[in-house]
Structures are given as C-alpha cells and as structure tokens.
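As a plain string of letters, each chain reads:
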Amino acid sequence: QVQLVESGGGLVQPGGSLRLSCAASGSIFSIYHMGWYRRAPGKQRELVARITSGGSINYADSVKGRFTISRDNAKNTVYLQMNSLKPDDTAVYYCNADGRSNLRGNYWGQGTQVTVSS
C-alpha cells in the first residue's frame, strides 16, 4: 500500500505563496503518476496539477503560470509550489498517487487546507 501525507497548507494573503508537500511511503514511488486535486466549498473536486512517472506535467487552466508541480523520487515526495494566490484558490488540497492498475492501486492523502484571504 501507499500512504500519503500532505503538509504546507495554511492561511495566506492574496498574492502570497505556499508550497505544499506530499510524502509517500509503502511502495515504489517512482512508478506512480502523482497529482494534486482540490475541493472548494460547495464544489466538485478538481484536478489542479499532475506529473507522470515519466515527468510529463499538466495543469488546470486556472492555475497555469502560477503553480508548479514537481517530484523528488529520491525523497518520495511531490510538491506544489503555489504563487500569486487568489481567494478562488481556497480549498482543501489532496495528494493522489495513481498506479494505473488495480494491482498498484490509487491512493489519496487526507488533505491540507489552503485559505487565501486578506
């Protein structure tokens, strides 16, 4: 199994920055596609950013140019650098590990709250 623990959330003013971290344990990290999702109050969970095992990256249009996803396979950690934060970015952010098969599994962290407010 894979266990995911997010950290780095908090309260920040508009225009500020945060870096989220997701530490993985329990399996071979490098073979998983990793993603960050978020759920804002009253809204569906949405994909924010994704990085594949091969390093390919995609972002939601709403965060392009502001957020950067990266991974450090040696540390079993994926990051989300969030700059120029807006109130609309307020949400619970979740880390996801996608093994692309039932054998490898699909895993979620517990989430970390990001609040952007003045």
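**Focus on the overall build of the chain**
For the chain, the count of helices and strands is 0 helices and 11 strands. Over its C-alpha trace the chain gives a radius of gyration of 14 Å, about what one expects of a compact globule, namely 13 Å for 118 residues. The dimensions of the chain, computed from C-alpha atoms along their principal axes, are 45 × 25 × 25 Å. For the chain, the residues scored as buried account for 43% of the 118 residues in total. Partitioning the intrachain contacts of the chain with sequence separation of at least 6 by distance along the chain shows that 54% fall at a separation of at least 24. Here the chain carries 13 positive and 7 negative side-chain charges, and the mean point of each set is 3 Å from the other.

**Things to note about the nonpolar core**
Membership of the largest hydrophobic core comes to 30 residues, with the highest contact counts inside it found for L4, M34, W36, V78, L80, M82 and Y93. For this core, the elements supplying multiple residues, two or more each, are strand 3 (18-25), strand 4 (33-39), strand 5 (46-51), strand 7 (67-72), strand 8 (77-82), strand 9 (91-98) and strand 11 (112-116). Ignoring any residue separated from it by four or fewer positions in sequence, one finds L80 in contact with L18, R19, L20, W36, V48, A49, F67, T68, I69 and Y93.

**Some details on the environment of L47**
For L47, the location among the structural elements is in strand 5. For the pair L47 and N58, spaced 11 residues apart in sequence, the C-alpha to C-alpha distance is 9.5 Å. Leaving out residues up to four positions away in the same chain, L47 has contacts with W36, Y37, N58 and A60.

**Structural notes on the pattern of salt bridges**
Counted according to the given criterion, the structure contains 4 salt bridges. R66 serves as the salt-bridge partner of D89, at 2.7 Å between the closest nitrogen and oxygen. Of this pair, D89 sits in the loop between strand 8 and strand 9 while R66 sits in the loop between strand 6 (57-59) and strand 7, and the two are 23 residues apart along the sequence. With respect to class, D89 is no different from R66; both count as buried.

**Focus: the packing of aromatic side chains**
Geometry of an aromatic ring pair is reported as the spacing of the ring centres plus the angle between the planes. Under the defined criterion, the tally for this structure stands at 1 aromatic pair. Here R45 stacks its cationic end above the ring of Y37, 5.9 Å away from the centre of that ring. Here the basic side chain of R45 rests over the ring of W108, its NZ or CZ set 4.0 Å away from the ring centre.

**Here we look at the environment of I51**
You can see I51 is positioned in strand 5. Filtering out sequence-adjacent residues up to four positions away, I51 remains in contact with H33, M34, S56, I57, I69, S70, R71 and V78.

**Notes on the pairing of strand 8**
With 5 of 6 residues buried, strand 8 lies mostly within the body of the structure. Judged from the 6 bridges that link them, strand 3 and strand 8 form a sheet pairing that is antiparallel. Directly across from L18, in strand 8, lies its bridge partner M82. Here strand 7 runs beside strand 8; their pairing, made up of 6 bridges, is antiparallel. Its bridge partner being in strand 8, T68 is matched across the sheet by Q81. Hairpin connection between strand 7 and strand 8: a loop of 4 residues separates the two successive antiparallel strands, and N76 in this loop has a positive phi of roughly 55°.

What counts and how
Residues numbered from 1 in each chain as written. Predicted model: local features only at pLDDT ≥ 70, side-chain atom pairs only at ≥ 80, totals over all residues. Heavy atoms only, no water. Helix = DSSP H or I, 4+ residues; strand = E, 2+ residues; numbered from the N terminus. Rg over C-alpha atoms; globule rule 2.2 N^0.38 Å. Buried < 20%, exposed > 50% of the residue type's maximum accessible area, 1.4 Å probe, protein only. Contact = heavy atoms within 4.5 Å. Lys, Arg positive; Asp, Glu negative; His and termini not counted. Charge placed at Lys NZ, Arg CZ, Asp CG, Glu CD. Core = buried A, V, L, I, M, F, W, Y, C linked by side-chain atoms within 4.5 Å. Salt bridge = Lys/Arg side-chain N within 4 Å of Asp/Glu carboxyl O. Phe/Tyr/Trp six-rings, centres within 6.5 Å; stacked < 30°, edge-to-face > 60°. Lys NZ or Arg CZ within 6 Å of the ring centre and 35° of its normal. Pairing = 2+ DSSP bridges.

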